[in-house]
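In case you want the letters, here they are:
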Amino acid sequence: MTFNKVVWKMARVNYKKYIFYYLCNSFAVMFFFMFSTVYFNRRVEHGKKLESLQDALSIPGAALIIFTIFFISYAHNVFMKKRKSEFGLFMTLGMAKRDLSKLLILENAAIAILSILSGLLAGAIFSRLFFMLLMNFIELEEVPFHFNGKMFFYSIGAFLVVFILAVGKSLFQTMRSSLVTNMKSNRYADTIKMRSPLIGGLGLLLMAGSLLILYFTYESSNGAYLPLWTLAMLLGLYISINQSASFLIKLVKKFPGFYYRRLLFLSSLDYKFKQLTSIIMLVTVMIMITIFYSTLLLTFYKASEQDAVNNNPYDVAFYQSETKNTISDAELDKLLGKKEHLEIPIFNYYEKLEYVDGYQTYDFMSLDDFNRLTSSQEKLGKNEYLFYLNSEPEYAHTDIAKSIKLTVNNEALTYRLKDQVIERSINLLPNAYEFIVVNQAQFDYLRNEVQGYELNLNLINVDVWKESESSVAALEENFKISNQSTPPMNYPDMEQTAESELFRVASKIGDYHQNKTTNGMMFYVTTFLSIMFFFGTFVLLYLNLFSEVETEKLKYRKLNKIGMSSKEIMQNVSRELGTIFFVPTILGTTLAFLYLAILSTDVGGIMQNPDILMHFLQIAGIYVVIQVGSFFYARKKMLLHLVN
């Protein structure tokens, strides 16, 4: 019998491991391609309403790449671990290492080609289905589904890079391994180099301490130390997972009756946790990220309308100058059918700074217009001013100068601060955040005597803002055409605020659609990745557990001979699997909740935002239910192998 026939016969006998390895790689290609159909969609890349989406999609894209690197590498390692004994047999029959390398390259090349073809085909079918569900979910029918070269190129390229690195590592190890090492590969046990309950306890302290410090410092530091303490938490988590069983055994030994009845389970758990530390860590972090990220994005999506209303007190707002955004009242009324129109003159004054290159700018508003805008009854003297901050009080800064000094006709003019007013009364527009409010006489004096430019702030309410989309679009198009026909404005801070940005239209309907589209698509992508991560992590756990099934079967067979009953075997297996499946779920869900609580401190706390808590419970509940189902499936398959 020739070598080719021997290889072919062994492949036919062990076809299941080839199929499983092929399916893992095919799914990786499919997930890459499905994600790329969203990421490289023309409307997403260039659409006006989705202009902030491209950068936001980079976060889940990076998570997908990191996860896939680990997923493909681990699947390949398990596949190669089963092949080493076969390689040893081939070497005893006279096959050289060079021939083994050729065999490894050929079979992996065939699997890679088949994985790419089937993965792209499945991705093309399912991406269309997911895209249709997405469009219906976020009600964005104008985003077309299509394929382009980038989708295929990046999907194939990303997969091949990871796959080639994994195969290259195996080739290197194959060339270095000896015949004896390959023949005895199935008999080598993973060595546990360190058992330290003290280090496990320190890991728990590091993780808990990092979370506590982050909770108490997040709001005051504006999240500046979030990456640092997150890294410390992850380090503590890794140490805790690696040494948690040793730490638990140390504590349980104080109760001999409890310890000796569960000695086999605890010792086996210690070995499993050290063997699977990287996988359990990956599963825990992925569960934390997906639940945390999905909760936030679902909350943002559900709050799209409320955010649009809060950020835009008026239905439509825009700045107007003598040459920009010019439109008559009759035309404006015809377009919008306005029921309320407030027009407020704003005078922008700027002084060149003495010691640095730049300008100090002030946006002045008259007291009469301020009282109309805020329904106030404020009064000001000649040299007094109000500082008006157009913001929600909880997000506003309060570091305000007690006086401001201006130079008017080469003479110093000083205004003293009388009071400050913080409330959201104007839509989110450039140059609409800080205002210096002076009485009408001083406002007219400044407008006539100093150099600056005047703007009219138009604030408009319509009958039904949700029905104003076409009207606002027509207004924007009207302004765009008329502004292009006039010369550009020349103002000092044009480098910081482009003319197109300064004279844009800020509307409730515009913000509502942008928020809903961006948050909806991000929630869809995160949900898709969550499903992918869940499936991948389940496969990793399943693959690792069942790659050792022969060893486990031999262990329980010996235990059965010395008196361990089938019922006791089933109980022990169920405990082990339950711990391995649910510890990452509990840890990931708990960490996701703690991070939501930490990030909610700057908006009053998670208990003051019940929508966040409700969305967390919904997503975490779904995740736990699916995890319970996967546990019972794995338990049934494992008991079928071991008990029988």
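Residues numbered from 1 in each chain as written. Predicted model: local features only at pLDDT ≥ 70, side-chain atom pairs only at ≥ 80, totals over all residues. Heavy atoms only, no water.

Student: Where do I start with the overall build of the chain in this structure?
Tutor: Of the regular secondary structure elements, the chain holds 22 helices and 9 strands. In the chain, which comprises 644 residues, the share counted as buried stands at 49%. Taking all contacts inside the chain whose residues are at least 6 apart in sequence as the whole, residues at least 24 apart take part in 82%. Of the roughly 32800 Å² of accessible surface on the chain, a fraction of 60% belongs to carbon and sulfur atoms. (Helix = DSSP H or I, 4+ residues; strand = E, 2+ residues; numbered from the N terminus. Buried < 20%, exposed > 50% of the residue type's maximum accessible area, 1.4 Å probe, protein only. Contact = heavy atoms within 4.5 Å. Areas by Shrake-Rupley, 256 points an atom, 1.4 Å probe, with all protein chains shown as cover.)

Student: Please explain the environment of Thr-537 as it appears in this structure.
Tutor: Within the secondary structure, Thr-537 sits in helix H19 (residues 508-547). A C-alpha to C-alpha distance of 5.9 Å links Thr-537 and Val-283, two positions 254 residues apart in sequence. The contacts of Thr-537, once residues within four sequence positions are left out, are Phe-67 and Val-283.

Student: What is the right way to read the packing of helix H8 (residues 197-221) against helix H21 (residues 566-599) from this model?
Tutor: With their axes 8 Å apart at the nearest point, H8 and H21 run at an angle of 20° to one another. With respect to their mutual orientation, H8 and H21 come out roughly parallel. Judged by residue contacts, Leu-211, Leu-214, Tyr-215 and Tyr-218 of H8 engage Leu-591, Leu-594, Tyr-595, Ala-597, Ile-598 and Leu-599 from H21. (Axes fitted to C-alpha atoms, helices over the stretch in contact; angles between N-to-C directions. Parallel < 35°, antiparallel > 145°, perpendicular 65-115°, else oblique.)

Student: Is there a simple way to think about the sheet that holds strand E4 (residues 384-389) in this case?
Tutor: Taken together, the 9 strands give an open sheet; going across it, the order is E5-E6-E4-E7-E3-E2-E8-E1-E9, and neighbouring strands pair in mixed fashion. Of all strands in the sheet, those bounded by a partner on one side alone are strand E5 (403-408) and strand E9 (506-507). Pairing between strand E2 (residues 340-352) and strand E3 (residues 359-366): 6 bridges, direction antiparallel. The partner of Lys-352 across the bridge, within E3, is Tyr-359. Along the sheet, helix H15 (residues 367-374) contacts E2, E3, E4, strand E6 (411-422), strand E7 (434-438) and strand E8 (452-461); its crossing angle with E3, the most-contacted strand, is approximately 70°. (Pairing = 2+ DSSP bridges.)

Student: Sorry if this is basic, but what is going on with the nonpolar core here?
Tutor: Among soluble globular proteins, nonpolar side chains are generally buried collectively. Counting 108 residues, the largest nonpolar core has Phe-159, Met-233, Leu-237, Ile-291, Val-573 and Phe-581 as the members making the most contacts within it. A total of 16 residues in this core trace back to one element, the largest contributor, which is H19. Discounting chain neighbours no more than four positions away, the residues touching Ile-291 are Thr-589, Ala-592, Phe-616, Ile-619, Ala-620 and Tyr-623. With 28 residues, the next largest nonpolar core counts Leu-342, Leu-380, Ile-426 and Tyr-453 among its residues. (Core = buried A, V, L, I, M, F, W, Y, C linked by side-chain atoms within 4.5 Å.)

Student: I'm lost on the packing of aromatic side chains in this one. Help?
Tutor: One pass over the full model with this rule turns up 18 aromatic pairs. Their ring planes at 85° and their centres at 5.2 Å tell us that Tyr-215 and Phe-216 sit as a pair that is edge-to-face. Among the residues examined, Phe-216 registers a relative accessible area of 62% and is labelled exposed. Taken together, the aromatic side chains of Phe-581, Phe-582, Phe-631 and Phe-632 make up a single cluster linked through ring pairs. Of note, Lys-466 hangs over the ring of Tyr-512, and the distance from its end group to the ring centre comes to 5.9 Å. (Phe/Tyr/Trp six-rings, centres within 6.5 Å; stacked < 30°, edge-to-face > 60°. Lys NZ or Arg CZ within 6 Å of the ring centre and 35° of its normal.)

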